[in-house]
Amino acid sequence: MTSRLYPLALGNFATGTGMFVTAGLLPPISRDLAVSPSAAGQLMTVFALAYAVLSPLLAAATARMSRRALLLVALAVLVVGNVLTALAPTYPLVLATRVVAAAGAAMFTPTASGVATALSSPERRGRALALVMGGLTIASAIGVPLGTWLGGVAGWRATMWLVVGLGVVGFVGVAAVVPDVKVPTSGRLAERFAPLADRRMLAVLVTQLLFFAAGFTAYVYIGSLFDLPLPAVLWAWGVGGVVGNQLGGRLTDTYGPRRMVLIGLAASTVALGLIPVANLALPVALVWAFLWGVLGWMIAPAQQYRTVGAVPGNVSIGLGLLASAQYFGLVVAGVTGGVALGWYGRAGVEILATAIGLVAVLFTLATYRPVKDAPEWAGVRTADRPA
């Protein structure tokens, strides 16, 4: 069954590379389009905002589609969006094309997670989700550094063509291997937001938003925070992300999502506060980036597992809302990080990222509590596990 999940991870690899690589392409993009680095950083902000807004809307509109067909349509839209980005001659047009690419991503990633859940047994759900979401972390380890290097030697548009190629390969993989499965979902738009009335689900979403706002405040503008070779730093972060995502899936299955979320949040916040230390020398930066990637991406499977437990009757809706919260966090990061960079320089970005991370830790401590009278199994409280 695991082999059927690899094309889903491959699709996420294309999606993640297309979104995250813009952080490493700010200098060539700003030069080519005659805009500031801060303005170039808004390409990721627009992508994230479009994803967050379109995800629940497209999920409702495509509720009756075959899950396999939806995955293929999503990848096709993603490919078209990146083709248009590679061809767009002006900054406003490039921004518009990122909306098209985001629409494809907004359909693909939540659907892929829902399909992975349906194809896995409950005791292996954390690992299945980690494998599928691992495409995003591998994108940060391989796709982003490769795309950053390619953008430096051949221009940022060459990187967009690389993303197009990855999307095509993902399309072929899904068409060849992934079966159609039934995933409970609703076509009524009101029901897409019904989980927001559940305080437990709302707490999951706020944690997700704050966590991504903290981490990506630093990541989007990482080129302005380091005086060291950027591809190397991004590569170390990405490798750490791959390790953290897989480790997080296994540890979530063993110890439960609550412990993993709290440990990951606290340690990631400490890592953000150590950015000035990491910038002292390349070896220090590589170790720091690797550990930051491990700690940050370790949370992803735990948050997904936590979501499945909060809305076990409609996994697709829950995971779609989780993805929207994640990308709203990226919007917050792109906007506030850009303001902080413009007003206070790199120190402003570093302080802002650490402060948001601290808020995320405090909020999660206050809202995510295990049920004390619940029996425990393998270190995981029943309240933390899906029904």
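None of these values were measured; they are calculated from a predicted model.

## With respect to the overall build of the protein
Piece 1. When you go through the protein residue by residue, the secondary structure sums to 16 helices and two strands.
Piece 2. The 387 residues of the protein split such that 58% are buried.
Piece 3. Long-range contacts, defined as pairs at least 24 residues apart, comprise 85% of the intrachain contacts of the protein with a sequence gap of at least 6.
Piece 4. As displayed, the protein offers around 14,500 Å² of accessible surface, 71% of which is attributable to carbon and sulfur atoms.

## Some points on the pattern of salt bridges
Piece 1. This model, assessed by the stated rule, comprises two salt bridges.
Piece 2. Two residues, D32 and R157, come together in a salt bridge whose shortest N-O distance is 3.1 Å. With D32 in helix α2 (residues 26-33) and R157 in helix α7 (residues 156-177), the pair connects residues that are 125 residues apart, well separated along the chain.
Piece 3. Taking relative accessible area as the criterion, R157 reaches 22% and is therefore assigned partly exposed.
Piece 4. A salt bridge links D227 to R346; its shortest N-O distance comes to 2.8 Å. Taken as a pair, D227 in the loop between α10 (222-225) and α11 (230-255) and R346 in helix α16 (residues 315-367) lie far apart in primary sequence, 119 residues in all.

## Quick word on the side chain of S55
Piece 1. Note on placement: S55 falls in helix α3 (residues 37-61).
Piece 2. The class for S55 is buried, based on a relative accessible area of 2%.
Piece 3. Sequence-distant contacts of S55, defined by excluding residues within four places in its chain, comprise A106, P110, G320 and S324.

## Let's talk about helix α9 (residues 199-220)
Piece 1. The terminal C-alpha atoms of α9 lie 31 Å apart, and with 22 residues this matches the ideal 32 Å at 1.5 Å per residue to within 8%.
Piece 2. Burial runs high along α9: 17 of the 22 residues are buried.

## A few points about the environment of T117
Piece 1. With respect to the helices and strands, T117 occurs in helix α5 (residues 91-119).
Piece 2. Once the C-alpha coordinates of T117 and L129 are considered, the two residues, 12 residues apart in sequence, prove to be 6.9 Å apart.

## Comments concerning the side chain of T85
Piece 1. As for its placement among the helices and strands, T85 is situated in helix α4 (residues 67-87).
Piece 2. With relative accessibility at 1%, the residue T85 sits in the buried group.
Piece 3. One polar contact links T85 to T97, side chain to side chain, over a distance of 2.7 Å.
Piece 4. In this structure T85 touches V94, T97, R98, W156, R157 and M160, once residues within four positions along its chain are discounted.

## Regarding the confidence of the model for the protein
Piece 1. For the protein, the mean per-residue pLDDT works out to 84, and 89% of the residues sit at or above 70.
Piece 2. Here residues 372-387 is a poorly scored stretch, pLDDT under 50, and it has 34 contacts once near neighbours within four places are set aside; other chains count.

## A word on the packing of aromatic side chains
Piece 1. Scanning the entire structure with this criterion turns up 14 aromatic pairs.
Piece 2. Judged by centre distance (6.1 Å) and plane angle (75°), the rings of F20 and Y219 are edge-to-face. Of this pair, F20 sits in helix α1 (residues 6-20) while Y219 sits in helix α9, and the two are 199 residues apart along the sequence.
Piece 3. Geometrically, the ring pair formed by F216 and Y219 is edge-to-face, given 5.2 Å between the ring centres and 65° between the ring planes. Residue F216 and its partner Y219 are both found in helix α9; the two are separated by three residues, about one turn of the helix. Accessibility classification places F216 together with Y219 in one group, the buried group.
Piece 4. Taken together through their ring pairs, the aromatic side chains of F20, F211, F212, F216, Y219, F226, W237, W288, W292 and W297 make up a single cluster.
Piece 5. Here the guanidinium or amino end of R306 rests over the ring plane of Y368, the centre of that ring lying 3.7 Å away.

## Some remarks on the environment of L321
Piece 1. By the secondary structure assignment, L321 is in helix α16.
Piece 2. A C-alpha to C-alpha distance of 9.8 Å links L321 and V204, two positions 117 residues apart in sequence.

## Looking at the nonpolar core
Piece 1. Ranked by size, the top nonpolar core spans 88 residues in total, and within it F216, Y219 and F226 carry the most contacts.
Piece 2. With near-sequence residues (within four places) excluded, F226 lies in contact with I275, A278, N279, A285, W288 and R346.
Piece 3. By size, the runner-up hydrophobic cluster in this structure holds 15 residues, among which are V21, A40, L43 and V94.

## What about a nonpolar patch on the surface?
Piece 1. A surface patch of nonpolar side chains, about 450 Å² in accessible area, is lined by V270, L274, V277, L280 and V284.
Piece 2. By the secondary structure assignment, L280 is in the loop between α13 (275-278) and α14 (282-297).

## Comments concerning the packing of helix α12 (residues 257-273) against helix α15 (residues 299-310)
Piece 1. In the contact formed by α12 and α15, the axes pass within 9 Å of each other and the chain directions differ by 140°. What the angle tells us is that α12 and α15 run oblique. Judged by the twist between their axes, the crossing of α12 over α15 is left-handed. Side by side, α12 and α15 meet where P257, M260, V261, G264 and L265 of the first sit next to I299, A302, Q303, Y305 and R306 of the second.
Piece 2. A per-class count over the contact of α12 with α15 returns seven nonpolar, two polar and one charged.

Reading the values: the criteria
- Residues numbered from 1 in each chain as written.
- Predicted model: local features only at pLDDT ≥ 70, side-chain atom pairs only at ≥ 80, totals over all residues.
- Heavy atoms only, no water.
- Helix = DSSP H or I, 4+ residues; strand = E, 2+ residues; numbered from the N terminus.
- Buried < 20%, exposed > 50% of the residue type's maximum accessible area, 1.4 Å probe, protein only.
- Contact = heavy atoms within 4.5 Å.
- Areas by Shrake-Rupley, 256 points an atom, 1.4 Å probe, with all protein chains shown as cover.
- Salt bridge = Lys/Arg side-chain N within 4 Å of Asp/Glu carboxyl O.
- Expected span 1.5 Å × (residues − 1).
- Polar contact = N/O pair within 3.5 Å; in protein donor to acceptor, adjacent residues only side chain to side chain.
- pLDDT = per-residue confidence, 0-100.
- Phe/Tyr/Trp six-rings, centres within 6.5 Å; stacked < 30°, edge-to-face > 60°.
- Lys NZ or Arg CZ within 6 Å of the ring centre and 35° of its normal.
- Core = buried A, V, L, I, M, F, W, Y, C linked by side-chain atoms within 4.5 Å.
- Patch = residues over 30% accessible without salt bridge, like charges linked within 9 Å, V, L, I, M, F, W, Y side chains within 5 Å.
- Axes fitted to C-alpha atoms, helices over the stretch in contact; angles between N-to-C directions.
- Parallel < 35°, antiparallel > 145°, perpendicular 65-115°, else oblique.
- Left-handed = near helix turned anticlockwise from the far one by under 90°.
- Nonpolar A, V, L, I, M, F, W, Y, C, P; charged D, E, K, R; others polar.

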